[in-house]
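Working through the structure, step by step
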Amino acid sequence: MGKGQIECSKYLGVGVFAKKKKKKKYKAHDTKSSCNLTLVRDLESAIHSQRHRERSINNMNPPSICSSSSSDGSSSNTKAWIVHGIVAGVAIAVAVGAHAYLGRFGKFRSRVVGIIPARYASSRFQGKPLVHILGKPMIQRTWEMAKLASTLDHIVVATDDDKIAECCRGFGAHVIMTSESCRNGTERCNEALQKLEKKYDIVVNIQGDEPLIEPEIIDGVVKALQAAPDAVFSTAVTSLKPEDAFDPNRVKCVVDNRGYAIYFSRGLIPFNKSGKVNPQFPYMLHLGIQSYDSKFLKIYPELQPTPLQLEEDLEQLKVLENGYKMKVIKVDHEAHGVDTPEDVEKIESYMRERNLS
């Protein structure tokens, strides 16, 4: 499997997120660096002002060769020390403030946990997490790929099924048991988050039916959320294949010019009046991975189901319908989600062709 290249198209308007060579790393907007530069300039300006004022005082009160002017010299020295004390105090205050601010900013959404929600009783494919893909349970393959992501501090599997739990513990995964009442993966992630001893700022919902999810994509959605304080949710899309245009299992997405989600649908969007796929239009396929601000995740279950969410059966629509922002990144990824038993054969053929074990 070729490494996925993470990028953002002009259509998305979110810059370029690329998986690059070892010498280069993924970069989101470096707000911390710009803050550092601004505060250093402020400190330099304060020191420069101090020196300027000292020179001005010395020029106004030059040393006298007459002993009778000693009182004037003393007065000038007093003024100089007063100015020096004020400016030094300002410089210290700026430095302390910079340290406190940058210390706080550096911790912004820095603690990240990846959660793989898994349930046995899927309506379309019962027991899907345990189906074998070239000799390994699918959920194990997903877990192994997630372990390669550099932004995740911890990874857990959240499930309500003992068979899935036993399987996952067998290959070394941390398992958290959740209730059967969870209506979707997001609610299962929230319940698992509450049961974790450590506190996290970001929760990444890693779909267990994406066994070839690339770690660079996981890192991409995390960094996108870290760089967008106004968003509570981030996700990824890739190019939609023409043959998947009218497949309701392939969720489509449209975004605005700043890279925020506008809508998700099981139908083709946008839909032109000809009713046919426009080969020139960059249709977007939604990938299942998504990350949330942990504070938002706690209130998500309290939000009532919304009309669009219920009609499309897409949980992310509840986020949009309630007025929250969702950041979207465009990635170059050969999507191979497993939604039906037929998809297992397709993904195994794909892996054999590329010598993926």
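Presented here is an overview of the structure given in this document. (Residues numbered from 1 in each chain as written. Predicted model: local features only at pLDDT ≥ 70, side-chain atom pairs only at ≥ 80, totals over all residues. Heavy atoms only, no water.)

**Some words on helix 4 (residues 162-170)**
Residues spaced three or four apart along an α-helix face the same direction, because each turn holds 3.6 residues. Every buried residue belonging to helix 4 is among Ile 164, Ala 165 and Cys 168, and all of these are buried. Down the axis, helix 4 shows its buried residues gathered within 100° of arc, on one side only. Turned more than 90 degrees away from the buried face of helix 4 sit Asp 162, Glu 166 and Gly 170, all of them exposed. Buried residues along helix 4 sit in contact with strand 2 (112-118), helix 3 (138-146), strand 5 (154-159) and strand 6 (174-177). Between the side-chain oxygen of the N-cap and the backbone nitrogen of Lys 163 there are 2.9 Å, and the N-cap of helix 4 in question is Asp 161. The positive-phi residue at the C-terminal boundary of helix 4 is Gly 172, with phi of around 100°. (Buried < 20%, exposed > 50% of the residue type's maximum accessible area, 1.4 Å probe, protein only. Helix = DSSP H or I, 4+ residues; strand = E, 2+ residues; numbered from the N terminus. Arc of directions from axis to C-beta. Contact = heavy atoms within 4.5 Å. Polar contact = N/O pair within 3.5 Å; in protein donor to acceptor, adjacent residues only side chain to side chain.)

**Some remarks on the pairing of strand 5**
Of all 6 residues in strand 5, 5 are buried; the element is thus mostly enclosed. Where strand 2 lies against strand 5, 6 bridges are found, and the strand directions are parallel. Bridge assignment links Gly 114 to a residue of strand 5, and that residue is Ile 155. Pairing between strand 5 and strand 6: 4 bridges, direction parallel. Note on strand 6: the bridge partner recorded for Val 156 is His 174. At this point the chain moves from strand 5, through helix 4, to the parallel strand 6, and the crossover so formed is right-handed. (Pairing = 2+ DSSP bridges. Right-handed = clockwise from strand over helix to strand, strands pointing away.)

**Quick notes on the pairing of strand 8 (residues 233-239)**
Among the 7 residues in strand 8, 6 count as buried, and that is most of the element. Pairing of strand 8 with strand 11 (residues 284-293) involves 6 bridges; the strand directions are antiparallel. Pairing of Thr 235 across the sheet is with Gln 290, part of strand 11. Direction of pairing for strand 8 relative to strand 12 (residues 326-332): parallel, over a ladder of 5 bridges. Opposite Ala 236, over in strand 12, you have Ile 329 as the bridge partner.

**Let's talk about the pattern of salt bridges**
Applying the stated rule across the entire model yields 15 salt bridges. Two residues, Asp 161 and Lys 163, come together in a salt bridge whose shortest N-O distance is 3.5 Å. Residue classification places Asp 161 among the buried positions, given a relative accessible area of 10%. Two residues, Lys 241 and Glu 334, come together in a salt bridge whose shortest N-O distance is 2.7 Å. Here Glu 334 lies in the loop between strand 12 and helix 10 (341-353) and Lys 241 lies in the loop between strand 8 and strand 9 (252-255), a separation of 93 residues in the sequence. For Lys 241, a relative accessible area of 32% gives the class partly exposed. Judged by its relative accessible area of 33%, Glu 334 is partly exposed. Each of Asp 244, Arg 250 and Asp 339 takes part in salt bridges that share partners, so that together they form one network. (Salt bridge = Lys/Arg side-chain N within 4 Å of Asp/Glu carboxyl O.)

**Some words on the packing of aromatic side chains**
Enumeration over the complete set of coordinates arrives at 5 aromatic pairs. Among the aromatic residues, ring-to-ring pairing joins Phe 296, Tyr 300 and Tyr 324 into one connected group. Looking at Lys 325, its charged tip hangs above the ring of Tyr 260, at a distance of 5.0 Å from the centre. One residue, Lys 327, lies across the ring of Tyr 260, its end atom 4.3 Å from the ring centre. (Phe/Tyr/Trp six-rings, centres within 6.5 Å; stacked < 30°, edge-to-face > 60°. Lys NZ or Arg CZ within 6 Å of the ring centre and 35° of its normal.)

**Quick word on the side chain of His 286**
Here His 286 lies in strand 11. On the basis of relative accessibility, which here comes to 11%, the residue His 286 falls in the buried class. In this structure the side chain of His 286 is engaged in a polar contact, spanning 2.7 Å, whose partner is the side chain of Thr 235. A polar contact is formed between the side chain of His 286 and the side chain of Gln 316, at a distance of 3.3 Å. The residues touching His 286, leaving out its near neighbours within four places in the chain, are Thr 235, Ala 236, Val 237, Val 251, Lys 252, Phe 264 and Gln 316.

**A word on the environment of Ser 291**
Residue position: Ser 291 is located in strand 11. Of the residues examined, Ser 291 reaches a relative accessible area of 0% and is grouped as buried. Sequence separation of Ser 291 and Val 221 is 70 residues, and the distance between their C-alpha atoms is 6.5 Å. Ignoring any residue separated from it by four or fewer positions in sequence, one finds Ser 291 in contact with Ile 202, Val 203, Val 204, Val 221, Val 222, Leu 225, Val 232, Phe 233 and Ser 234. At 3.5 Å, the side chain of Ser 291 forms a polar contact with the backbone oxygen of Val 221. Side-chain polar atoms of Ser 291 contact the side chain of Ser 234, separated by 2.4 Å.

Shape descriptors only; they carry no functional weight alone.
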